[in-house]
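Here are the chains, one letter per residue:
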Amino acid sequence: MNYTNEELKKKIQELKERLDVTVVAHFYQRDEVYEMADITGDSLELAMKTKADDKEFVVFCGVAFMGQSVKVLSPEKRVLMPKMACCSMARMIDSLYYDESVKFLEDRGIPKEQILPITYINSNADVKAKVGEMGGMVCTSANAKKIITTALGEGKKILFVPDRCLGQNIANQMGLKSMVIGVDDTDPKDADIICYDGFCSVHQLFTVEDIEFYRKKYPGIKIAVHPECDPKICEAADFVGSTSQLIRYISELPEEQKVAVGTEYNLVNRLRPKNTYVLSSTKPECPTMNETTLEDLYLTLKSIEDGKPVNEIEVDEKTVKWARIALERMLEL
Ligand code: 13P
Ligand code: SF4
């Protein structure tokens, strides 16, 4: 296809005007794709705003678990993804690994009834369904502390999947004891939060040396990071938050305040023209978020107009039922 980006943008705009469709994009999308979206936000906002939207079609520019969450919350909507890109963290766990984690706890004397599972939204629908069926719920980086506080009220052990960093960071913030299955040999009976050993490869790029480098180079600089970063990074940072919370924090800083940000490159790059730095010498690009191009978006919208929608998200009925319960428990809070 030989269209320029400007031509593609015009065609996309025209298709959006003709079709009963909402285009949704996560903050980590390429700029040119992000600019075409009707709804943007962090994972929590995207789930809530898209659920409230009344268009027949949703074209979701992000990674697969996000499109699946829209389908699970609103099975009547037709959800298409310009690229079926998979978050690498979400792929670190499936329903079999989930069952094994529960068995690990049972083998160490914690019965299933004493386990309350919480899954980070960065997980596929089958894992969310397993969690829902066991009485648990979903959390996002924006509400993890609130969800865990509520869950602790039930007096059970929390099994947190799949992001060990988010689980450990919340435990540290709340003064709770955490352990990671297969990594440390703490008895799970002595821990409040038992984490699965999953992580985000993009957020693992940030190091304590990066923080020291910036603090030495620009005394007084603020360090703001996403809670998918290692606990050592979060402890050393001035601010830890979801993508929306990072954007808000940085937009409220005085213009001359320097800040180094530990999250995906596309988001950081669009924050402020001056005084905002990427907290890594290696460009922290999420490969899967970057898969979606303007051309993919155009072709997906065109497929709706042609009556042959492509890349439609399908989730079976049983998975929808339990994954929806896990997501709705979160939204109710
Ligand atoms: P947010 O929910 O903070 O947008 O994070 C999503 C994500 O994938 C971060 O890597
Ligand atoms: Fe998944 Fe990490 Fe990419 Fe977020 S940045 S979508 S957690 S791989």
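Up top is the structure.
Residues numbered from 1 in each chain as written. Chains lettered and ligands numbered in written order. Predicted model: local features only at pLDDT ≥ 70, side-chain atom pairs only at ≥ 80, totals over all residues. Heavy atoms only, no water.

Participant: Explain empty space enclosed by the protein here, please?
Facilitator: To find leftover empty space, one rolls a probe the size of a water molecule over the atoms. This structure, assessed with the given rule, holds two cavities of 30 Å³ or more. Every residue lining the largest cavity is counted, 27 residues in all, and those nearest its centre are H26, Y28, N122, E228 and M289. Partitioning the lining of the largest cavity into residue classes produces 13 nonpolar, eleven polar and three charged. In this structure, the second largest cavity encloses a volume near 60 Å³. Put simply, the parts of the chain that give the lining of the second largest cavity at least two residues each are α3 (43-52) and α4 (64-73). The greatest single-element share of the lining of the second largest cavity, amounting to four residues, is contributed by α4. Per-class residue counts for the lining of the second largest cavity are seven nonpolar, two polar and no charged. (1 Å grid on protein atoms, 1.4 Å probe; cavity = no way out; pocket = protein on both sides within 12 Å on 5 of 7 lines; lining within 4 Å. Points joined across faces, edges and corners; volume = space filled by probe spheres on them. Nonpolar A, V, L, I, M, F, W, Y, C, P; charged D, E, K, R; others polar. Helix = DSSP H or I, 4+ residues; strand = E, 2+ residues; numbered from the N terminus.)

Participant: Quick question: what am I supposed to make of the site of ligand 2 here?
Facilitator: The full set of residues close to ligand 2 is Y28, C87, S88, N122, C200, V202, H203, E228, C286 and M289. In a pocket analysis with a 2 Å cut-off to the grid points, ligand 2 is assigned to the largest cavity. When the residues that make up the shell around ligand 2 are grouped by side-chain class, the tally is six nonpolar, three polar and one charged. (Near = heavy atom within 4 Å. Sits in = over half its atoms within 2 Å of the grid points.)

Participant: What exactly am I supposed to notice about the pattern of salt bridges here?
Facilitator: Oppositely charged side chains may form a pair once their charged atoms are brought near each other. Summed over the entire model, instances satisfying the criterion amount to 18 salt bridges. The salt bridge partner of R215 is D238, with a shortest N-O separation of 3.2 Å. Of the two residues, R215 is situated in helix α9 (residues 208-217) and D238 in the loop between α10 (231-236) and β11 (239-240); the sequence distance between them amounts to 23 residues. One continuous salt-bridge network, built from bridges that share partners, spans E6, K9 and E35. (Salt bridge = Lys/Arg side-chain N within 4 Å of Asp/Glu carboxyl O.)

Participant: Explain the sheet that holds strand β3 (residues 57-61) to me, please; I cannot follow it from the model alone.
Facilitator: Pairing between the strands of a sheet comes from backbone hydrogen bonds, and it takes one of two forms, parallel or antiparallel. A sheet is described by the order of its strands in space; here four strands give the open sequence β2-β1-β3-β4, paired in parallel fashion. Of all strands in the sheet, those bounded by a partner on one side alone are β2 (39-41) and β4 (78-80). The mean angle between the axes of side-by-side strands here comes to 20°, regardless of whether they run parallel or antiparallel. Sheet topology note: the β3/β4 ladder contains three bridges and is parallel. When the sheet's bridge partners are listed, V59 is paired in β4 with L80. In this fold helix α13 (residues 294-305) packs onto β1 (21-26), β3 and β4, with an angle of close to 165° to the strand it touches most, β3. (Pairing = 2+ DSSP bridges. Axes fitted to C-alpha atoms, helices over the stretch in contact; angles between N-to-C directions. Contact = heavy atoms within 4.5 Å.)

Participant: Any chance you could explain the site of ligand 1 here in plain terms?
Facilitator: In the vicinity of ligand 1, the contacting residues are H26, Y28, D42, S43, N122, S141, H203, H226, E228, S242 and T243. Take Y28: an N or O atom from its side chain is 3.4 Å from an oxygen atom of ligand 1. The separation between an oxygen atom of ligand 1 and a polar side-chain atom of S141 is 2.8 Å. Put simply, ligand 1 lies in the largest cavity. (Polar contact = N/O pair within 3.5 Å; in protein donor to acceptor, adjacent residues only side chain to side chain.)

Participant: Before we go on, may I ask you to explain the nonpolar core in this structure?
Facilitator: When a protein is soluble and globular, its nonpolar side chains tend to lie buried together. Core analysis: the largest hydrophobic core is formed by 66 residues, its most contacted members being F60, I118 and F160. Residue contributions to this core peak at six residues, all from helix α14 (residues 317-332). One finds V21, L80, Y298 and L301 within the second-largest nonpolar core, a separate group that totals 19 residues. (Core = buried A, V, L, I, M, F, W, Y, C linked by side-chain atoms within 4.5 Å. Buried < 20%, exposed > 50% of the residue type's maximum accessible area, 1.4 Å probe, protein only.)

Participant: Would you mind showing me how to read α9 here?
Facilitator: Structural remark: α-helix, 3.6 residues per turn; residues separated by three or four positions point the same way. Within α9 the residues assigned to the buried category are D210, I211 and Y214. What you see down the axis of α9 is that its buried residues fit within an arc of 100°, all on one side. Along α9, the residues that are exposed and aim more than 90 degrees away from the buried face are E209 and K216. (Arc of directions from axis to C-beta.)

Participant: Looking at this model, I keep getting lost on the sheet that holds strand β10 (residues 222-225). Mind explaining?
Facilitator: Taken in spatial order, the four strands line up as β11-β10-β12-β13 in an open sheet, and their pairing is parallel. Of all the strands in the sheet, just β11 and β13 (276-278) have a single pairing partner and so form its edges. Relative to β11, β10 is paired through two bridges, and the arrangement is parallel. Bridge assignment links V225 to a residue of β11, and that residue is V240. Set on the sheet, α9 makes contact with β10, β12 (259-262) and β13; between it and β10 the angle comes to about 150°. Of the strands in this sheet, β10, β11, β12 and β13 are in contact with helix α11 (residues 243-251), which crosses β10 at around 160°.

Structural measurements only, silent on function.
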